[in-house]
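Descriptive analysis of the structure
What follows is the residue order along each chain.
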Amino acid sequence: MSDKIFKQAPPVLKTARLTLRPISLNDLEAMFHYTSSKNVARYVTWDPHKSLEETKMFVELVLNGYTQGNHLLWGIEYEQKLIGTIDFVSFNDQQKCAEIGYVLSEDYWNQGITTEAVKKLIDYGFNELKIVRIQARCFEDNIGSQKVMEKSGMLFEGTLRKSMFVKGYHRNVKLYAITDDDYVKS
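Residues numbered from 1 in each chain as written. Predicted model: local features only at pLDDT ≥ 70, side-chain atom pairs only at ≥ 80, totals over all residues. Heavy atoms only, no water.

**Side note on the overall build of the protein**
When helices and strands are counted, the protein shows 5 helices and 8 strands. In terms of overall size, the protein behaves like a compact globule, its C-alpha atoms giving a radius of gyration of 16 Å where 186 residues would be expected to give roughly 16 Å. Taken along its principal axes, the extent of the C-alpha atoms in the protein is 45 × 40 × 30 Å. When burial is assessed residue by residue, the protein has 46% of its 186 residues classed as buried. Nonlocal contacts in the protein, meaning residues at least 24 apart in sequence, comprise 63% of its contacts between residues at least 6 apart. In the structure as shown, the protein presents an accessible area of about 10,000 Å², 48% of it carried by carbon and sulfur atoms. Across the protein, the centroid of the 24 positively charged side chains sits 2 Å from that of the 24 negatively charged ones. (Helix = DSSP H or I, 4+ residues; strand = E, 2+ residues; numbered from the N terminus. Rg over C-alpha atoms; globule rule 2.2 N^0.38 Å. Buried < 20%, exposed > 50% of the residue type's maximum accessible area, 1.4 Å probe, protein only. Contact = heavy atoms within 4.5 Å. Areas by Shrake-Rupley, 256 points an atom, 1.4 Å probe, with all protein chains shown as cover. Lys, Arg positive; Asp, Glu negative; His and termini not counted. Charge placed at Lys NZ, Arg CZ, Asp CG, Glu CD.)

Shown next, in the form of C-alpha cells:
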C-alpha cells in the first residue's frame, strides 16, 4: 500500500448478514480453524497453518499494520463468529486502484457470504475511498472464487499464464476487475 489509509484499524462495515471488522487476538481459535484447512489453503499462496502460534504471528502482523495505519484487513463475522477475512491486499492511492483478497472457512462455502463481503468492500472502495479500479485474482482452478468475482460485478480481463510461483510450481491466474464506470450501486 502506498500511503497511510487510516489512523488506526479500518472501520466496521455491515451487510445484511455480516460484520466486517478489524481482527483481534480473540479471533485466534476461529482463524486457526480455517487457516489450518488443506482445502482452504489449496486456493491461497500460504500453506495450512500448523499451529495456533503461526496464526498468532499473522494476527500480530495485522495488528501492527493497524497501528501504522496501513493495513486494510477485515474479519468476516457471521452469527457472531469469525469465519474468514477480506482485505485490500494492495492499494495505490496515487493511481486510485486496489486489489481485493479474501479467504473463507470451507464450512461456509457456497452460501453467498464471500460475494456479500466483496460487494460491501467494492461499495466502500468506490464510495468512501474514491477508488477508480478494483481488481481481484484467483488461481485458474478456483471456480468458486471466479463465481464470487462475477457475482460481485467484476469482469474477466484475462488469464495471466504462469504468473505466480506458488507451492513449487507456476500457476495460471485469472484476473477480474470493476471500475467506477462499471459500478452500479445495488
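**Comments concerning the packing of aromatic side chains**
Tallied over the entire structure, the rule returns 7 aromatic pairs. For the pair Tyr78 and Tyr108, a centre-to-centre distance of 5.7 Å together with 80 degrees between the ring planes defines the contact as edge-to-face. Pair noted here: Tyr78 is in strand β3 (residues 73-78) and Tyr108 is in the loop between β5 (97-104) and α4 (113-127), with a separation of 30 residues, a long-range link. On the basis of relative accessibility, which here comes to 15%, the residue Tyr108 falls in the buried class. Three or more aromatic residues joined by ring pairs make a cluster, and in this case those are Trp74, Phe88, Phe91 and Tyr124. When the ring centre of Phe139 is taken as reference, the NZ or CZ atom of Arg171 above it lies at 3.7 Å. (Phe/Tyr/Trp six-rings, centres within 6.5 Å; stacked < 30°, edge-to-face > 60°. Lys NZ or Arg CZ within 6 Å of the ring centre and 35° of its normal.)

**Describing the environment of Leu129**
With respect to the element layout, Leu129 can be found in the loop between α4 and β6 (133-139). Along the backbone, Leu129 and Cys97 are 32 residues apart, and their C-alpha atoms lie at a distance of 9.9 Å.

**Points about the pairing of strand β7 (residues 155-166)**
Bridge count for β7 against strand β8 (residues 169-179) is 8 bridges, and the pairing is antiparallel. Looking at β8, one finds that Thr159 is bridged to Lys174. (Pairing = 2+ DSSP bridges.)

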